[in-house]
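# Per-entry structural report
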Amino acid sequence: MTAWEALADWGSLDTWIVVTAALAAVACALPGTFLVLRRQSLMGDALSHATLPGIVLAFLAFHALKEQGWIAPAWSGWIQHGLVFVGATLTGLLCGLLTEVVIRAGKVEPSAALGVVFTSLFAFGLLLIRLAADSAHIDPGCVLYGNLETIVTDTVPVFGLLLPRAVLLNGAVLLLNLALLIVFYKELQLTTFDAALATALGIRASWVQVALLACAGMTVVAAFESVGSILVIAMLVAPPATALLLSDRLSGVLGWSCVLGALSAIGGHIAALIGPPLLRSALGWPELGDVSTAGMIAAVSGGLCVVAWIAAPRHGLLRQVWNRAHLRLRIVAEDLLGLLFRIEEPTHPATGLSSVAQLATAIQAPKWQVRWAFSELKKRGAVTMSSDGPTLTDRGRTLAQQLVRSHRLWEAYLATNFQMSNPQMHASAAKIEHYLNPQLREELAAELAQPAVDPHGATIPPEEAARR
């Protein structure tokens, strides 16, 4: 089957798979956003792993009760979910208690104690799976990676419609998370960014933290059967971490987290359908098997994070590279303005600085950057070209005066407050001059009692001249 044939066979089962995964992803993204903002992503990892022994014990208890005939077939699905929820909740609480015990008794930092506890509980859960998988019919792969492809076949009638039980469960958790977020948005926002202020205002930050962890634990348990105990951490962390690259506002981060979670679910299932056929045809490996949707959801969410890290509008790698390049070229242009201003001063010894090569050598910049700077300065009306070389216009002279004033004020400040050599002062001023605004220049001048010359005897241009 080719990739396009796989998509052409899309049916209602595929739709329910995507809906279930999207509901689980969005439900996880809401508490996951606050865990990431609080720098407690490891807590989400701990919850998704530490609940494993409780889930396994709940499965064992369910099958024992079922074999004894104490569970009616009509209620077996809901009882199983209830036991799993109770078991996961108890082991989640046990994880928190054991972490506190290790912190106090072992005197170790909280993150280290948490790492020890949740990995130990997770290992114990894996041991239980290995010992009891055959007797309780527990599939280790299902426990670890979810059972998204088949769980949607477990349906219940709702108003005459057969809906997957996982859709109802994850949908209910999503609605509950949304309701709690709307009601306690102010408290969550305040305790996340300034817990001390929240406490001063009468908001118990510790209670909000416990409630957030309880909400995250409930969400993890609900999503467990859909994506497994390992991959749920991708839904808790990856969408919020990606959203932080796309927005600087809490509301924006929450919105992007939900959108990215849903996109990961859709893209993950599509990738699970078309990925193996494409790889079989491209690599010539007919024995290449299928992949799970849950695994591909994690892969797609990670891929979206990488794309955002590279191409995010404000915080992406490409934007950062562009900003650094633009800053470097701006500095070269300002260095040229400062150099041309100093050449016009009668005390400047430099002569013969008319060609691009000579100017590039004087300001220690590549010739292509100098050419670009001249082009930009001419567009701004700051310089003109004559037979004697580049010349400042009135606009360019005003800009250059600001720059030179910043440079010489900073040298005067360093000479007054620090014991530095002339080369050291000049090197520092050559950097800081590009960042001093008029307010900072006024504060420096006021502190230095309005100096007229710098430590080298050069005139400091007045601020009034720079403003004209």
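In short, a report on the structure. Per-chain numbering applies: the sequence of each chain, read as written, is numbered from 1 onward. Reporting in this predicted model follows two pLDDT cut-offs: at least 70 for local features of residues, and 80 or more for side-chain atom pairs to be given and counted; totals over whole chains, interfaces and linings ignore these cut-offs and use all residues. To obtain the side-chain values, all non-hydrogen atoms of the structure were included, while hydrogens and water were left out.

## Some thoughts on unusual backbone geometry
One non-glycine residue, arginine 39, lies in the positive phi region at around 60°. Numbered from the N terminus, helices here are DSSP runs of H or I no shorter than four residues, and strands are runs of E no shorter than two. With respect to the helices, strands and loops of the structure, arginine 39 is situated in the loop between helix H2 (12–37) and helix H3 (41–50). Positive phi is not limited to glycine here, since phenylalanine 159 has a value of about 55°. Positionally, phenylalanine 159 belongs in the loop between strand E1 (155–158) and strand E2 (161–164).

## Let's talk about the packing of helix H18 (residues 394–417) against helix H19 (residues 422–432)
As a rule, the C-alpha atoms of each element are fitted with a line to give its axis, helices using only the stretch in contact, and angles between N-to-C directions run from 0 to 180 degrees. Put simply, H18 and H19 touch, their axes get as near as 9 Å, and they point 135° apart. Taken together, the axes of H18 and H19 are oblique relative to one another. The crossing of H18 and H19 is right-handed. Of the residues in H19, those touching H18 at His407, Trp410, Glu411, Leu414 and Ala415 are Met425, His426, Ser428, Ala429, Ala430 and Ile432. An angle counts as roughly parallel when it lies under 35 degrees, as roughly antiparallel when it exceeds 145, as roughly perpendicular when it falls between 65 and 115, and as oblique in every other case. Left-handed describes a crossing whose near helix is turned anticlockwise from the far helix through less than a right angle; right-handed describes the clockwise counterpart. We call two residues in contact whenever any of their non-hydrogen atoms come within 4.5 Å of each other.

## What to know about the pairing of strand E4 (residues 389–392)
Being paired, for any two strands, means DSSP has found at least two bridges between them. In this sheet, E4 lies alongside strand E3 (residues 383–386) in antiparallel orientation, the contact comprising four bridges. By the bridge assignment for E4, serine 386 is matched with glycine 389. What sits between E3 and E4 in their antiparallel hairpin is a turn of two residues.

## Details of the nonpolar core
Among buried residues, the Ala, Val, Leu, Ile, Met, Phe, Trp, Tyr and Cys ones that are joined through side-chain atoms within 4.5 Å form a nonpolar core. Residue burial is assigned from relative accessible area. The probe radius is 1.4 Å, only protein chains are included, and a residue is buried under 20% of its type maximum, exposed over 50%, and partly exposed in between. Judged by nonpolar contacts, the single largest core of 46 residues is most densely connected at Phe34 and Met235. At the level of secondary structure, the elements contributing two or more residues to this core comprise H2, helix H8 (148–151), helix H9 (165–183), helix H12 (205–244), helix H13 (250–283) and helix H14 (293–311). In terms of residue count, the dominant contributor to this core is H12 (15 residues). Once residues within four sequence positions are removed from consideration, methionine 235 is found in contact with Ala21, Ala24, Ala25, Cys28, Ala29, Val227, Pro240 and Ile297. Counting 20 residues, the second largest nonpolar core, distinct from the first, contains Leu337, Leu340, Ala360 and Ala400.

## A short note on the environment of tryptophan 256
Looking at the secondary structure, you find tryptophan 256 in helix H13. Counting along the chain gives 194 residues from tryptophan 256 to glutamine 450, while the straight-line C-alpha distance between them is 51 Å. Once residues lying within four places of it in the same chain are set aside, the contact partners of tryptophan 256 are Ala243, Leu246 and Ser247.

## A word on the packing of aromatic side chains
Aromatic rings from Phe, Tyr and Trp, taking only the six-membered ring of Trp, are treated as a pair when their centres fall within 6.5 Å; an angle between ring planes under 30 degrees marks them as stacked, one over 60 as edge-to-face, and anything in between as tilted. According to the stated counting rule, one finds two aromatic pairs in the structure shown. Judged by centre distance (5.2 Å) and plane angle (25°), the ring pair of tryptophan 410 and tyrosine 413 falls under stacked. With tryptophan 410 and tyrosine 413 both in helix H18, this residue pair falls three residues apart, about one helical turn. An identical accessibility class is assigned to tryptophan 410 and tyrosine 413; each is buried. Judged by centre distance (6.4 Å) and plane angle (65°), the ring pair of tyrosine 413 and phenylalanine 418 falls under edge-to-face. Each residue in the set Trp410, Tyr413 and Phe418 is aromatic and connected to the rest through ring pairs, giving one cluster.

## Let's talk about the pattern of salt bridges
Here a salt bridge means any side-chain nitrogen of Lys or Arg lying within 4 Å of a carboxyl oxygen belonging to Asp or Glu. Applying the stated criterion to the full structure yields nine salt bridges. In this structure, the salt-bridge partner of lysine 379 is glutamate 376, at a minimum N-O distance of 3.7 Å. Of the two residues, lysine 379 and glutamate 376 are both situated in helix H17 (residues 367–379); the distance of three residues between them amounts to about one turn of the helix. Using a relative accessible area of 64% as the deciding quantity, one classes lysine 379 as exposed. Assessed through its relative accessible area of 25%, glutamate 376 is described here as partly exposed. Here arginine 405 and glutamate 463 are joined by a salt bridge, their closest N and O atoms 2.7 Å apart. One end of the pair, arginine 405, is in helix H18; the other, glutamate 463, is in helix H21 (residues 463–467), with 58 residues separating them in the sequence. Each member of the pair, arginine 405 as well as glutamate 463, is classed as buried.

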